[in-house]
Amino acid sequence: GFGVEALGLGLCSAGNALRYLNKNFMGRTEHLVSLKLINNVHVMGLDSFTIKNLELFSSLSNSNSIGTLIDVLDQMQTPQGSRLIRNWVRRPLLNVDRINNRLNRIKELINDRKLLDNFHDDLNSVSDIDRIIARLSVNKANPKDLINLSLSLSVASKMKNRLTSKVATLNCLFNDFKETFQVETLINNTVSKDPSINLNKGGFIKRGFSEELDELRNISESGSNWLIKFQSQERDRTGISSLKIGYNKVFGYYIEITKVHNTKIPENYIRKQTLTNAERYFTEELKDYETQILSAKEKINILELEIFNQLREDVLKYIKPIVNNSNIISKIDIATTLANLSINNNYIKPIINDDDEIIIKDSRHPVIEKLLPHEESFIANDIILDCNNRQIAIITGPNMSGKSTYLRQIGLITIMAQIGCFVPASYAKIGIVDKLFTRVGASDNLAEGESTFLVEMNETANILNNTSNKSLIILDEIGRGTSTYDGLSIAWAITEFIHNNSGSNAKTLFATHYHELVDLGNSLKKAFNLNVNVREINDEVVFLRKIIDGGTDKSYGIYVAKMAGLPEEVILRATEILDSLSTNRKKTSDIKKYNKNKIKQSSKDNIQKEIISELKKLDINSLSPIESLKKLDELKNKL
């Protein structure tokens, strides 16, 4: 019935795994109720490089989830919802109908804000059902767990009853819902409303559930009244007003009388303990009552544990409908969370089909836009890709201008769309992507003897050997770990290979600093050029973060080095060398020799230009006398 009948080796493996668990957990595996084949044929292929490079779960900069896609999406209210969304991000779907079902749930909730708010409130009362079931199976659940389970199941029923005919897709989700009224009643009739989590303390079985238990409790609870009455009776009988009844764990119940009253001790008092100023006694009547009281407490604990263990076994009989409803709750949690996320972040419903086009207008990076200061807005960009006319986008432009962000946001939006999530754009039409590959950044694997360049080539080889017509490739620099001409040659050949491989017309975004590749964008039929718009104003470079048509021949690397704070002498010398290389067409033998005095003079000239520029920008009328003096002192020190 699990669809795995023909998988002989898989069944053997699963059987051995279950046998191992049964042996080591003393048979406590009742919560394992089904087998399921993990089939990667129906999900998008995401290799480890892509998962890391797109920062789906872990940030490249800090190795935690801050600044990742899951950090944005996982605002779930239930632990089971949180686990499921992580599984969805790791395994985006290829089936258009299943994706659209997920998208339609979100759409229905956005259109019905009252239902959305009610679901949001309901989910606050849902506990981790899967974990409770697992704890029950290994006999580690406490009474509070069962009360939380009952409450969570009742919330699921309440959510089902909220549905109307207007939310057809949500109704379909609840078609598999199983009624759990019996197990809820069983728990509520057995366990008290606010039980202790400690099984040894007792008091967690509801009064009225067991006559025997209630009778024992009455004996235990009436003990204090009996002792007060017994103490009063003995004071009257002996005439000793200071006589008192006490108890400790070593000696049990006793009658304590000070030594000044030794002559009044009745004959039926039996000495138990001698103190400095008093004697402790007991009577047969007090001993019998002590036995009755302590026996009642012990019997209460034993009986409550017996009742609780039976309840545990009875609840586990309903494990399949419970786990089934927990799965539905998880999906409702995801739909509710993503609906609120879409409203708050201005996400739209993507159009998903089996075409080969990717058209996204005003795309935004879902993570970076959340990290920007409130006063800054994210610069949105468009992309149009297909297999016949716009297969390969060659993207050039300066460092720090936003190329890498642009590449990643297209990849992230594709993943978001195929997990059934609304996306940060004004319009998105995405043909199913079967595999998403990325080659980003520089890293090595020294432990395995792999250099930075070898790691880069390994990743690239994996991409080129495994793509299909439905794949999307994101390349952020290729060939930078070797010599300039080696790297350029490899990047050139890779671009031609992707373009000319008729068996694998993978759509490709290729960001590069090799401006020579702009020629490929013009000469290859299915390639085109994009670049990041830059403005140069008064010797300053302004990155506009806008992707426009056409290529560029500038990287502005020296300007970025200046922004980073490299010494002025290094910046000026680099500028001089760049001018020489550009003039002499890369003949390094003709580079002007290093002249420190000339560099120093250039530096002075440059500083003077800066001071003049600052003076021109100053608004004298807006400065106070003190501010004017401070500015003058600052410019004088700089000079």
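As the structure is a computational prediction, the values presented were derived from the model and not from experiment. Residue positions are given per chain, counted from 1 along the sequence in the order it is written. Given that this is a predicted model, residues contribute local features only at a pLDDT of at least 70 and side-chain atom pairs are listed and counted only at 80 or more, while totals for whole chains, interfaces and linings are drawn from all residues. Only hydrogens and water are set aside when side-chain values are computed; all heavy atoms of the structure are taken into account.

## Re the overall build of the chain
Part 1 of the reasoning: Per the secondary structure count, the chain includes 23 helices and 15 strands.
Part 2 of the reasoning: Here the radius of gyration uses the C-alpha set of atoms, whereas the globule reference equals 2.2 Å times the residue count to the power 0.38. On C-alpha atoms alone, the chain measures out to a radius of gyration of 38 Å, which is more than a quarter above the 26 Å that the 2.2 N^0.38 rule sets for 639 residues.
Part 3 of the reasoning: Projected onto the principal axes, the alpha-carbon positions of the chain cover approximately 125 × 75 × 55 Å.
Part 4 of the reasoning: Note on exposure labels: buried denotes an accessible area under 20% of the residue type's maximum, exposed denotes more than 50%, and partly exposed covers the range between, all computed with a 1.4 Å probe on protein chains only. Out of the 639 residues in the chain, the part that is buried amounts to 44%.
Part 5 of the reasoning: Contact between two residues is taken to exist if any of their heavy atoms lie within 4.5 Å; hydrogens are not considered. Relative to all contacts within the chain whose residues are 6 or more apart in sequence, the contacts with residues 24 or more apart total 69%.
Part 6 of the reasoning: Using a 1.4 Å probe, the Shrake-Rupley method yields the accessible areas, and only the shown protein chains count as cover for residues. Of the roughly 34000 Å² of accessible surface on the chain, a fraction of 50% belongs to carbon and sulfur atoms.
Part 7 of the reasoning: Charged residues are defined narrowly, with Lys and Arg counted positive, Asp and Glu counted negative, and His plus the chain ends left uncounted. Charge positions are represented by NZ for Lys, CZ for Arg, CG for Asp and CD for Glu. When the 83 basic and 78 acidic side-chain charges of the chain are each reduced to a single mean position, those positions are 1 Å apart. Secondary structure elements follow DSSP: runs of H or I of four or more residues count as helices, runs of E of two or more count as strands, with numbering from the N terminus.

## A look at helix α5 (residues 96–111)
Part 1 of the reasoning: In a regular helix each residue adds 1.5 Å, so 16 residues correspond to 22 Å; α5 covers 22 Å between its end C-alpha atoms and thus fits that length.
Part 2 of the reasoning: Along α5, the residues classified as buried are Val96, Ile99, Arg102, Leu103, Arg105, Ile106, Glu108, Leu109 and Ile110.
Part 3 of the reasoning: Structurally, α5 contributes buried residues whose contacts are with α4 (79–90), α6 (113–123), α9 (168–173), α14 (319–345), β6 (351–353) and α16 (403–418).
Part 4 of the reasoning: In protein, a polar contact means a hydrogen-donor-capable atom and an acceptor-capable atom, both N or O and within 3.5 Å, with residues adjacent in sequence counting only if both atoms are side-chain atoms; elsewhere, any N or O pair within 3.5 Å suffices. With a side-chain oxygen lying 3.0 Å from the backbone nitrogen of Asp97, the N-terminal cap of α5 falls on Asn95. To estimate the expected span of a helix, subtract one from its residue number and multiply by 1.5 Å.

## Quick word on the pairing of strand β5 (residues 278–282)
Part 1 of the reasoning: With five of its five residues buried, β5 lies for the most part within the structure.
Part 2 of the reasoning: Across the two faces of β5 the burial is the same, with Ala278, Arg280 and Phe282 and Glu279 and Tyr281 all buried.
Part 3 of the reasoning: As paired elements, strand β3 (residues 252–258) and β5 share four bridges and run antiparallel to each other. Each bridged residue has a counterpart across the sheet, and for Ile257 the counterpart in β5 is Glu279.
Part 4 of the reasoning: Two strands pair under a simple rule: DSSP has to find at least two bridges between them. Here four bridges tie strand β4 (residues 270–274) to β5, and the two strands are oriented antiparallel to one another. Within β5, the position partnered with Arg271 by the bridge is Tyr281.

## Here we look at unusual backbone geometry
Part 1 of the reasoning: Positive phi values are uncommon outside glycine, yet Asn346 reaches one of about 60 degrees.
Part 2 of the reasoning: Among the structural elements, Asn346 can be located in the loop between α14 and β6.
Part 3 of the reasoning: What makes Asn346 exposed here is its relative accessible area of 54%.
Part 4 of the reasoning: Phi is positive for Asp362, close to 55 degrees, though the residue is something other than glycine.
Part 5 of the reasoning: Within the secondary structure, Asp362 is located in strand β7 (residues 358–363).

## Notes on the packing of aromatic side chains
Part 1 of the reasoning: Ring geometry is summarised as follows: Phe, Tyr and Trp rings, the Trp one being its six-membered ring, pair when their centres sit within 6.5 Å, and such pairs are stacked at plane angles under 30 degrees, edge-to-face over 60 and tilted between the two. In the structure shown here, the tally under the stated rule is six aromatic pairs.
Part 2 of the reasoning: For the pair Trp226 and Tyr289, a centre-to-centre distance of 3.9 Å together with 10 degrees between the ring planes defines the contact as stacked. Separated by 63 residues along the polypeptide, Trp226 in helix α12 (residues 223–238) and Tyr289 in helix α13 (residues 284–316) bring together distant segments of the chain.
Part 3 of the reasoning: Residue class for Trp226 comes out partly exposed when judged on its relative accessible area of 23%.
Part 4 of the reasoning: Under the relative-accessibility criterion, Tyr289 is labelled buried at 8%.
Part 5 of the reasoning: Between Tyr247 and Tyr253 the ring centres are 4.7 Å apart and the planes differ by 45 degrees, which places this aromatic pair in the tilted class.
Part 6 of the reasoning: Members of the aromatic cluster, each reached through a chain of ring pairs, are Trp226, Phe230 and Tyr289.

## A look at the packing of helix α17 (residues 452–464) against helix α18 (residues 484–500)
Each packed pair of helices is defined by two parameters, the angle between the axes and the distance between the axes.
Part 1 of the reasoning: It is at 12 Å that the axes of α17 and α18 come closest, and there the two elements cross at 10 degrees. Comparing their axes, α18 and α17 come out roughly parallel. For the pair α17 and α18, the contacting residues are Phe453, Met457, Thr460 and Leu464 in the first and Ile490, Ile494, Phe497 and Ile498 in the second.
Part 2 of the reasoning: Just so you know the grouping, Ala, Val, Leu, Ile, Met, Phe, Trp, Tyr, Cys and Pro go in nonpolar, Asp, Glu, Lys and Arg go in charged, and all remaining residues, Gly too, go in polar. Tallied by class, the residues present in the contact of α17 with α18 amount to seven nonpolar, one polar and no charged. A fitted line through C-alpha atoms serves as each axis, taken over the contacting stretch for helices, and the angle formed by two N-to-C directions is quoted from 0 to 180°. With respect to orientation, any angle under 35 degrees is reported as roughly parallel, any angle over 145 as roughly antiparallel, any angle of 65 to 115 as roughly perpendicular, and every other angle as oblique.

## Overview of a negative patch on the surface
Part 1 of the reasoning: Residues enter patches when their relative accessible area tops 30% and they take part in no salt bridge; the joining distance is 9 Å for like charges and 5 Å for the nonpolar side chains Val, Leu, Ile, Met, Phe, Trp and Tyr. The term salt bridge refers to a pairing of a side-chain nitrogen on Lys or Arg with a carboxyl oxygen on Asp or Glu at a separation within 4 Å. On the surface, Glu211, Glu212, Glu215 and Glu306 cluster together to form a negatively charged patch.
Part 2 of the reasoning: With three residues, helix α11 (residues 211–221) is the largest single contributor of residues to the negative patch.
Part 3 of the reasoning: Judged by its relative accessible area of 52%, Glu215 is exposed.

## Considerations on the confidence of the model for the chain
Part 1 of the reasoning: Looking at the chain as a whole, the pLDDT averages 87, with 93% of positions reaching at least 70.
Part 2 of the reasoning: The predictor rates its confidence in each residue with pLDDT, a number between 0 and 100. For the chain, the element scoring lowest by mean pLDDT is helix α22 (residues 596–617), at 69; strand β10 (residues 427–431) scores highest, at 98.

## Some points on the environment of Phe378
Part 1 of the reasoning: Position of Phe378 among the secondary structure elements: in the loop between α15 (368–371) and β8 (381–385).
Part 2 of the reasoning: When its relative accessible area of 18% is taken as the criterion, Phe378 is described as buried.
Part 3 of the reasoning: Note: C-alpha distance between Phe378 and Arg545 (167 residues apart in sequence) is 8.9 Å.
Part 4 of the reasoning: Excluding its chain neighbours within four sequence positions, the residues that come into contact with Phe378 are Ser363, Arg364, His365, Ile368, Glu369, Leu372, Thr405 and Gln409.

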